[in-house]
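# Breakdown of the fold
If you want the building blocks of each chain, they are given just below.
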Amino acid sequence: MSGPKVLIIHPFMPAYRVPFVNALGRRLVETGGSLVYVESSPPPSLASRGDARSSDYGVVAGTRWFSLRGKELALRSLSPVLAESKPDLVVVEQAIKNLETYRLLVPKTLGAAQVGMWGHGRSYSTPQSGLMSQGKQLLTRRTKWFFAYTQAGADHVVSEGFPRIRTTVLNNTVDTEALRSELDSVTEEEIARFRDELGIEAGKTALFIGGVDDAKGIAFLLESVPHIASLLPGFTLLIAGDGARRSDVQAAEAQGLPIRYLGRLEGREKARALLVSDVLAIPKGIGLVALDSLVAGRPIVSTTDPYHGPEYEFLEDHVTCLYSPYGVKTYADAMSSLLADRVRLSAMQNACLAKSKEFSIALMADRFLDGLLEWDEMRRFGL
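Structural notes, computed from the coordinates. Just so you know, these numbers come straight off a predicted model, no measurement behind them.

### Quick look at the packing of helix 1 (residues 18-30) against helix 14 (residues 361-380)
The relative placement of two packed helices comes down to the angle between their axes together with the axis-to-axis distance. The contact between helix 1 and helix 14 brings their axes to 9 Å, and the two run at 45 degrees. Taken together, helix 1 and helix 14 sit at an angle that is classed as oblique. For the element pair helix 1 and helix 14, the recorded crossing hand is right-handed. Mapping the contact onto sequence places Pro19, Phe20, Ala23, Leu24, Arg27 and Leu28 in helix 1 and Ile361, Ala362, Met364, Ala365, Asp366, Phe368, Leu369 and Leu372 in helix 14. Looking at side-chain class alone, the contact of helix 1 with helix 14 contains 12 nonpolar, no polar and 2 charged residues.

### A few points about the layout of surface pockets
Of the pockets and cavities examined, the second largest pocket occupies roughly 230 Å³. Lining the second largest pocket are 14 residues; nearest its centre among them are Leu104, Leu105, Pro107, Ala113 and Val115.

### A short note on the environment of Ser277
When you line up the elements, Ser277 lands in the loop between helix 10 (267-276) and strand 13 (279-281). With 74 residues separating them along the chain, Ser277 and Gly203 place their C-alpha atoms 7.6 Å apart.

### Side note on the sheet that holds strand 12 (residues 259-263)
The strand order across the open sheet built from 6 strands is 12-11-10-13-14-15, with neighbouring strands paired in parallel fashion. Both outer strands of the open sheet, strand 12 and strand 15 (321-324), are each paired with one neighbouring strand and no more. The sheet shows a mean angle of 30 degrees between the axes of neighbouring strands, taken without regard to direction. Across 4 bridges, the pairing between strand 14 (residues 300-303) and strand 15 is parallel. Among the inter-strand pairings, Thr303 is bridged to a residue of strand 15, identified as Ser324. Helix 11 (residues 289-296) rests against strand 10 (205-209), strand 13 and strand 14 of the sheet, and its axis sits at about 145 degrees to strand 14.

### Some details on the environment of Arg49
Inspection of the secondary structure assignment puts Arg49 in the loop between strand 2 (34-39) and strand 3 (58-60). Its relative accessible area of 19% is what places Arg49 among the buried residues. Remark: the alpha-carbon pair of Arg49 and Gly297, spanning 248 residues in sequence, is separated by 25 Å. Residues contacting Arg49, with those up to four places away along its chain left out, are Gly211, Asp213, Ala215, Lys216, Asp242 and Arg264.

Conventions adopted
Residues numbered from 1 in each chain as written. Predicted model: local features only at pLDDT ≥ 70, side-chain atom pairs only at ≥ 80, totals over all residues. Heavy atoms only, no water. Axes fitted to C-alpha atoms, helices over the stretch in contact; angles between N-to-C directions. Helix = DSSP H or I, 4+ residues; strand = E, 2+ residues; numbered from the N terminus. Parallel < 35°, antiparallel > 145°, perpendicular 65-115°, else oblique. Left-handed = near helix turned anticlockwise from the far one by under 90°. Contact = heavy atoms within 4.5 Å. Nonpolar A, V, L, I, M, F, W, Y, C, P; charged D, E, K, R; others polar. 1 Å grid on protein atoms, 1.4 Å probe; cavity = no way out; pocket = protein on both sides within 12 Å on 5 of 7 lines; lining within 4 Å. Points joined across faces, edges and corners; volume = space filled by probe spheres on them. Pairing = 2+ DSSP bridges. Buried < 20%, exposed > 50% of the residue type's maximum accessible area, 1.4 Å probe, protein only.

Pasting the structure below:
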């Protein structure tokens, strides 16, 4: 018996997702199955981040983006790829914005193939009305399997009526092994030289890394910098990434705020930026940056903003991260006090490193494959 032919449809292929897709594809091929990963243009709100990529298993589908009452909707042209790949199993994103999903869930549209979902389980990073939440769960219950980013996400869909026996918890991650290798390759001399180039002090540096846009609280972060610097002279904020608020960051640096804008970083450059920093400054929208934090041993200083991504669940307040009430001055107090307390900071850095061992692309791909094979076995028995 060979493995299943799987088609995954997702919004677009960001850089961080490529290693996982390639690892999953290799595993499916080893079972005698196959993977096709549908890639499309990024949503307009994310296009400026510049991180769209392609995987070894990618197929481009034409995509049209629409805006309805401030919400982005997508419609993908799937007929050609469905006809060519003839999948047994189709995995779609758990989202109500993908208009093609509704057609796929119409009985007999896919013949004998079945549909599953992967995603957060519930809405995390954006506010959603009760009606929209109910609609998302209704779509979820019409699928045969759910691949949850986190345990809490799986628990949520189960609480909404989805069978627990048909869920898989992935522990969503980035390529932690590649990042760890990059970090290990950076020498002490290189760190010292980079610190001199930036004009920053050891023990007084925070790093923001991610999309430089409103979803990540860039305006809030820029407003907090003078307050932190007044409490901790010598403080510097490094900002790595790109997005719609890049010009605001560059203007703040030009005006003399203790900010260094580094642009979008990958590989060794990203590793250097993590190592010259003491903490990560992520006031809103914690997502996969939680894995960067753990692997690098750099605790996140954040806020109790309610719209963090599911990966914030990998962190523990006062152990691997620090949350403050949502306010510029309270955030500045939390940041400055942690940087000033070397014993507490060192303990949190070590706790991050220990926790990071629980996450890897290999483990995530193994979990996804296990779920696919369980799903396929049930399908073969008509369940």
